[in-house]
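# A closer look at the structure
Read off the chains here:
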Amino acid sequence: MRLDRLWLTDFRSYESAELAFAPGLTAVVGDNGRGKSNLLEAVAWLATLTSFRGAPTDALVRAGAARAVLRLEGFAERTAPGEEHDERQTLVEAELVASGRNRVLVNRQRLQRTRDLLGVLRVTVFTPDDLDIVKGGPGGRRRYLDDLLVALHPKYDAVQREVDRVLKQRNALLKQVQGGRRLDEAAVTTLDVFDEKLGQAGEELARVRVALCERLAPVLAASYAAVAVGADVRAATTLRYESDWYGADGGLSGALAAGRDDDVRRGVSLVGPHRDDLALAIGGLPARTHASQGEQRSFALALRLAGHSVVTATTGAAPVLLLDDVFSELDPDRSDALLANLPAGQTLLTTASGLPKGAAPERVLRVEARPAPGGGVVSTLSETEGPP
Ligand SMILES: Nc1ncnc2c1ncn2[C@@H]1O[C@H](COP(=O)(O)OP(=O)(O)OP(=O)(O)O)[C@@H](O)[C@H]1O
Ligand SMILES: [Mg+2]
């Protein structure tokens, strides 16, 4: 979907705001705490029905207001293979209620299921927190893969939920029988059933994760090269799915059987897709422990851009690229390279430190804010001419 206009009422720091998107690059500038990320969060919320900052609904509704209203007008592309390019005007509206049920309408029709929205508006989000994909624990890397799978096809959501569901049940039972004293025949039978279900669902999840990694690997090299310029970074970036059991003899079922005694002793499932990792390296060295802060951030950005490109290739349309605070910790050369190599399509980026010299956004929006009587701030948007 190509974004045209966004209206916000009582969303975060916005009392009432309207903004028009450029067909290509729109830059949002302003000092810290003015409401730049809030804008990106609004667009991303409409695509995913969640906050990319993990905020609950009541944090998204302006302090003192009962509900927030988001309204987005754009053009949905219909580019089925072999068909002529076709665009249809699309309206996505949402009402976020601080204490109650949210309501979402697409072309004035009430949305029945979240997954119905997934094909309407797709976004690729990069935020400063994405540094954790590279720097943090394996959980963030698994989430990166799993979120991308859902962006590629909503059916993967069901696979992930099945794994989570069985794991929860299995862990609850393991906790009950922890140590083995209460491991009676009935518990063993139930564990056998869980193992079979986890064996199947876990195997399927790992299979699609591995397939995704295979698609990402060649694209990642190009994405990293697009950001990390300079002679020092010829070193290749690599990505490899890491699993103790996947592809091994017996697969997950075998591993679960072999590890059952350990699981019972510890009262938790120690093997499965929930323990797998994604090994990331630059020039053969593990990025988590060896790369510099700027390299880690470039790597995280490259992972998002690689995902963006895989989703574009699969769905036939580029998601809207939302880059929050993307220039922080990138040196001037990398910032310029990123701008020069932005993927085709629409990009909305924020910056508190100004735009790089070579930047030529089609639209520049300045965000300012004044203190709100009830706490927080009230943000205002204005279009600036030329370089800010
Ligand atoms: N529900 C809310 N009601 C009122 N104000 C809010 C609400 N949620 C957040 N704010 C205000 O919004 C401001 C933060 O906005 P935002 O995160 O968009 O800033 P930013 O411009 O991205 O800043 P930075 O450059 O530091 O990232 C804060 O001052 C905060 O008080
Ligand atoms: Mg911000």
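Our subject in this report is the structure included herewith. Since this is a predicted model, take the numbers as computed values, not measurements. (Residues numbered from 1 in each chain as written. Chains lettered and ligands numbered in written order. Predicted model: local features only at pLDDT ≥ 70, side-chain atom pairs only at ≥ 80, totals over all residues. Heavy atoms only, no water.)

## What about the overall build of the protein?
Scanning the protein for helices and strands turns up 12 helices and 15 strands. On the principal axes, the C-alpha backbone points of the protein span a range of 75 × 55 × 50 Å. A separation of at least 24 residues holds for 70% of the contacts in the protein among residues at least 6 apart in sequence. Surface exposure of the protein reaches about 18,500 Å², of which carbon and sulfur atoms provide 47%. Of the side chains in the protein, 48 bear a positive and 52 a negative charge, and the two mean positions are spaced by 4 Å. (Helix = DSSP H or I, 4+ residues; strand = E, 2+ residues; numbered from the N terminus. Contact = heavy atoms within 4.5 Å. Areas by Shrake-Rupley, 256 points an atom, 1.4 Å probe, with all protein chains shown as cover. Lys, Arg positive; Asp, Glu negative; His and termini not counted. Charge placed at Lys NZ, Arg CZ, Asp CG, Glu CD.)

## Some remarks on the packing of helix 7 (residues 185–227) against helix 8 (residues 251–258)
It is at 8 Å that the axes of helix 7 and helix 8 come closest, and there the two elements cross at 140 degrees. When the interaxial angle is binned, helix 7 and helix 8 end up oblique. For the element pair helix 7 and helix 8, the recorded crossing hand is right-handed. Of the residues in helix 8, those in contact with Asp195, Leu198, Gly199, Gly202 and Glu203 of helix 7 are Gly251, Leu252, Ser253 and Leu256. Across the contact of helix 7 with helix 8, the residue classes break down as three nonpolar, four polar and two charged. (Axes fitted to C-alpha atoms, helices over the stretch in contact; angles between N-to-C directions. Parallel < 35°, antiparallel > 145°, perpendicular 65-115°, else oblique. Left-handed = near helix turned anticlockwise from the far one by under 90°. Nonpolar A, V, L, I, M, F, W, Y, C, P; charged D, E, K, R; others polar.)

## A look at helix 8
Along helix 8, the residues classified as buried are Gly251, Leu252, Ala255 and Leu256. Buried residues of helix 8 fall within an arc of 150 degrees about the axis and therefore sit on the same side. Set apart from the buried face of helix 8 by more than 90 degrees, the exposed residues are Ala257 and Ala258. In this structure, the buried side of helix 8 is in contact with helix 6 (155–176), helix 7 and helix 9 (260–266). (Buried < 20%, exposed > 50% of the residue type's maximum accessible area, 1.4 Å probe, protein only. Arc of directions from axis to C-beta.)

## What to know about the nonpolar core
Membership of the largest hydrophobic core comes to 68 residues, with the highest contact counts inside it found for Leu216, Phe299, Leu301 and Leu303. No other element matches helix 7, which puts 15 residues into this core. In this structure leucine 303 touches Ile133, Val134, Tyr144, Leu220, Leu239 and Leu280, once residues within four positions along its chain are discounted. Of all hydrophobic cores here, the second largest spans 40 residues; its members include Leu40, Leu121, Leu348 and Val367. (Core = buried A, V, L, I, M, F, W, Y, C linked by side-chain atoms within 4.5 Å.)

## Looking at the packing of aromatic side chains
Applying the stated criterion across every chain yields a total of two aromatic pairs. Ring centres 5.9 Å apart and planes at 55 degrees place the aromatic pair tyrosine 224 and phenylalanine 299 in the tilted group. Taken as a pair, tyrosine 224 in helix 7 and phenylalanine 299 in helix 11 (residues 293–315) lie far apart in primary sequence, 75 residues in all. Comparing tyrosine 224 with phenylalanine 299, the two get one shared label, buried. Aromatic side chains tryptophan 245 and tyrosine 246 sit 5.8 Å apart centroid to centroid with 85 degrees between the ring planes, which places their arrangement in the edge-to-face category. For tyrosine 246, a relative accessible area of 28% corresponds to the partly exposed category. For arginine 71, the ring lying beneath its charged end belongs to tryptophan 7, and the centroid distance is 4.6 Å. (Phe/Tyr/Trp six-rings, centres within 6.5 Å; stacked < 30°, edge-to-face > 60°. Lys NZ or Arg CZ within 6 Å of the ring centre and 35° of its normal.)

## What about the environment of alanine 344?
Assignment of secondary structure puts alanine 344 in the loop between helix 12 (332–340) and strand 13 (347–351). By relative accessible area, alanine 344 is classed as exposed at 67%.

## Points about the pattern of salt bridges
Applying the stated criterion across every chain, the model contains 24 salt bridges. A salt bridge links arginine 71 to glutamate 93; the shortest N-O distance between them is 3.5 Å. Taken together, the residues span a long stretch of sequence, with arginine 71 in strand 4 (residues 67–78) and glutamate 93 in strand 5 (residues 86–97) at a distance of 22 residues. For arginine 71, a relative accessible area of 25% translates into the label partly exposed. Note that glutamate 162 is salt-bridged to arginine 165, the shortest N-O span being 3.1 Å. Remark: arginine 165 and glutamate 162 occur in helix 6; sequence separation between them is three residues, near one turn of the helix. Among the residues examined, arginine 165 registers a relative accessible area of 37% and is labelled partly exposed. Residues joined by salt bridges that share partners form a network here, namely Arg170, Asp192, Asp195, Arg260 and Asp263. (Salt bridge = Lys/Arg side-chain N within 4 Å of Asp/Glu carboxyl O.)

## Structural notes on the site of ligand 1
The immediate surroundings of ligand 1 are formed by 18 residues, with Gly33, Lys36, Ser37, Asn38 and Ala59 found nearest. The backbone of arginine 12 places a nitrogen or oxygen atom 3.3 Å from a nitrogen atom of ligand 1. Between an oxygen atom of ligand 1 and a main-chain N or O atom of arginine 34, the distance comes to 3.1 Å. Protein burial of ligand 1: of its 650 Å² of free accessible surface, 77% is covered by the chains. Broken down by element, the shell around ligand 1 gets its largest block of residues, three residues, from helix 1 (residues 36–48). Looking at the shell around ligand 1 residue by residue, the class counts come to five nonpolar, seven polar and six charged. (Near = heavy atom within 4 Å. Polar contact = N/O pair within 3.5 Å; in protein donor to acceptor, adjacent residues only side chain to side chain.)

## So, the sheet that holds strand 9 (residues 237–242)
Overall, antiparallel pairing links the three strands, which are arranged 9-10-11 in an open sheet. The open sheet has two edge strands, strand 9 and strand 11 (285–286), and neither has a second partner. Of the strand pairs in this sheet, strand 9 and strand 10 (residues 277–282) are connected by six bridges, and their pairing is antiparallel. Pairing of leucine 239 across the sheet is with leucine 280, part of strand 10. Packing against the sheet, helix 5 (residues 138–152) makes contact with strand 9 and strand 10, and its axis sits at approximately 100 degrees to strand 10. Across the sheet, helix 7 lies against strand 9 and strand 10, angled at about 175 degrees from strand 9, the strand it touches most. (Pairing = 2+ DSSP bridges.)

Structural measurements only, silent on function.
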